[in-house]
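Here are the chains, one letter per residue:
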Amino acid sequence: MVQLKQNRCDFCGTCVSVCPVDAIELSEFQLIVIKEKCIDCQNCIKICPIEALEWYDEKKI
Ligand code: SF4
Ligand code: SF4
C-alpha cells in the first residue's frame with residue numbers, strides 16, 4: 001500500500017501521470033491514493049522527485 005507523507009508533497013502531479021490505473025487523485029491541496037484501485041506497482045514511489053510517497057506492508061499493521 002502506498003502512503004503519502006502529507007507534509008512533503010508539493011502537488012506537482014508527476015505521480016498521477018505514471019499511475020497505470022488512475023489510483024491517485026490530486027487537487028490543489030490534497031493527494032489521495034485510492035486503495036481499491038491501486039495495483040501496488042510502486043511507479044509513483046519511484047517517480048516522486050522529493051520522495052513524498054512511501055510503501056508500507058498492510059499485513060504488518
Ligand atoms: S510526485 Fe510526489 S510531490 Fe509530486 S504530487 Fe506525487 S507525491 Fe506529491
Ligand atoms: S503503486 Fe502504482 S497503482 Fe498504486 S497508486 Fe502508485 S502508481 Fe498507482
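Residues numbered from 1 in each chain as written. Chains lettered and ligands numbered in written order. Predicted model: local features only at pLDDT ≥ 70, side-chain atom pairs only at ≥ 80, totals over all residues. Heavy atoms only, no water.

**Here we look at the nonpolar core**
Argument step 1. In terms of nonpolar packing, the biggest core is built from 16 residues, with V2, L31, C44 and L53 touching the most fellow members.
Argument step 2. At the level of elements, strand 1 (2-4), strand 3 (31-33) and helix 2 (43-47) are the ones that each hand at least two residues to this core.
Argument step 3. Sequence-distant contacts of C44, defined by excluding residues within four places in its chain, comprise V2, C15, V18, I24 and L53. (Core = buried A, V, L, I, M, F, W, Y, C linked by side-chain atoms within 4.5 Å. Buried < 20%, exposed > 50% of the residue type's maximum accessible area, 1.4 Å probe, protein only. Helix = DSSP H or I, 4+ residues; strand = E, 2+ residues; numbered from the N terminus. Contact = heavy atoms within 4.5 Å.)

**Here's the deal with the site of ligand 1**
Argument step 1. Taken together, 14 residues form the shell around ligand 1, and within it C9, D10, C12, C15 and C48 come nearest.
Argument step 2. When each cavity is represented as a set of grid points, ligand 1 is found to reside in the second largest cavity.
Argument step 3. Grouping the constituent residues of the shell around ligand 1 by class yields 11 nonpolar, two polar and one charged. (Near = heavy atom within 4 Å. 1 Å grid on protein atoms, 1.4 Å probe; cavity = no way out; pocket = protein on both sides within 12 Å on 5 of 7 lines; lining within 4 Å. Sits in = over half its atoms within 2 Å of the grid points. Nonpolar A, V, L, I, M, F, W, Y, C, P; charged D, E, K, R; others polar.)

**Quick word on the site of ligand 2**
Argument step 1. What surrounds ligand 2 is a group of 13 residues, the closest being C19, C38, C41, Q42 and C44.
Argument step 2. Judged by its atoms lying within 2 Å of the grid points, ligand 2 is housed in the largest cavity.

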